[in-house]
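So you can see what is in the structure, the chains are spelled out below.
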Amino acid sequence: GAAMLGRERQNIVGKSFAQHLPVASIQPFTSHLQQTFSVSGNSVIEIQVKSKEGKPRLVSLESQAVAGAKRICRTVMHDVTDQRRMAVALQISRSAQDALLNAIPVLVFYQDINLQYISCSQAFADFVGISPEEIAGKTAGNLLPRETAEELQRLSESVLNTGRAVYGYEHTVRDAGGNLIELSTVLAPFLDFQGKIIGLVGVCTDITEIKSTVNSN
């Protein structure tokens with residue numbers, strides 16, 4: 001705890017913890033203490049504290065009253081500042097991705113390492129006839145004709161095993177309305193922050209008109 005506050009242990013022992021709190025954190029901390037002494041288990045709260053440099057840090061306090069002692073508790077403090085920043089950044093990234101997927105008129109889908117769908121664009125959901133919220137956990141076999149699903153699975157497994165993308169895979173599929181659509185599909189792996197393959201992304205382009213024009217000429 002002393003290190004998180006940027007101070008030596010001997011300089012904080014016996015002093016009020018409240019002096020390390022910004023004004024906005026004092027009342028929540030007081031309520032946290034009241035709860036700690038009124039319940040038998042642990043009491044947990046996240047509040048801001050002031051470091052020695054004056055910069056606020058977000059910490060998690062887990063406190064438990066000491067049995068038989070008057071108004072004494074043990075508290076474990078964890079700095080969760082970076083963790084929360086990452087969570088916020090991830091949420092922003094996901095929101096931006098969702099906005100993009102809903103806006104683009106292209107069939108886009110994400111699958112995990114088990115080739116189960118994670119999310120998709122609105123265009124892809126419309127194509128297979130379900131909502132984006134319903135697609136999670138489904139596989140190509142649940143949404144596409146058997147022959148197409150088996151070929152996509154074979155290609156997808158190759159992408160996951162080799163890490164190499166597949167470009168320009170052309171296939172014909174009926175959409176939810178029964179229309180026969182020519183698609184050109186790209187399958188590429190996507191990685192976690194350590195560079196490990198954790199799934200793949202697919203992008204399907206409708207080339208029906210292009211193929212029709214080529215064939216007519």
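Read on for a plain summary of the structure. (Residues numbered from 1 in each chain as written. Predicted model: local features only at pLDDT ≥ 70, side-chain atom pairs only at ≥ 80, totals over all residues. Heavy atoms only, no water.)

## Some points on helix α2 (residues 23-36)
Now for step 1: Counted at 1.5 Å a residue, the expected span for α2 with its 14 residues is 20 Å, and the 21 Å between its end C-alpha atoms agrees.
Now for step 2: Among the residues of α2, Ser25, Phe29, His32 and Thr36 are the ones counted as buried. One side of α2 holds all its buried residues, which, seen down the axis, span an arc of 55°. In α2, the exposed positions angled more than 90 degrees off the buried face are occupied by Val23 and Gln27.
Now for step 3: Looking at the packing, one finds that the buried side of α2 touches β1 (43-50), β2 (56-65) and β3 (73-79). (Helix = DSSP H or I, 4+ residues; strand = E, 2+ residues; numbered from the N terminus. Expected span 1.5 Å × (residues − 1). Buried < 20%, exposed > 50% of the residue type's maximum accessible area, 1.4 Å probe, protein only. Arc of directions from axis to C-beta. Contact = heavy atoms within 4.5 Å.)

## Here's the deal with unusual backbone geometry
Now for step 1: Although it is not a glycine, Leu115 sits at a positive phi angle of roughly 65°.
Now for step 2: As for its position among the elements, Leu115 is in the loop between β4 (107-112) and β5 (117-120).

## With respect to the pattern of salt bridges
Now for step 1: Inspection of every chain in the model, using the stated rule, returns three salt bridges.
Now for step 2: When the shortest N-O distance is used, the salt bridge between Arg57 and Asp79 registers 3.0 Å. Pair noted here: Arg57 is in strand β2 and Asp79 is in strand β3, with a separation of 22 residues, a long-range link.
Now for step 3: One salt bridge in this structure joins Arg154 and Glu151, with 2.6 Å as the shortest N-O distance. (Salt bridge = Lys/Arg side-chain N within 4 Å of Asp/Glu carboxyl O.)

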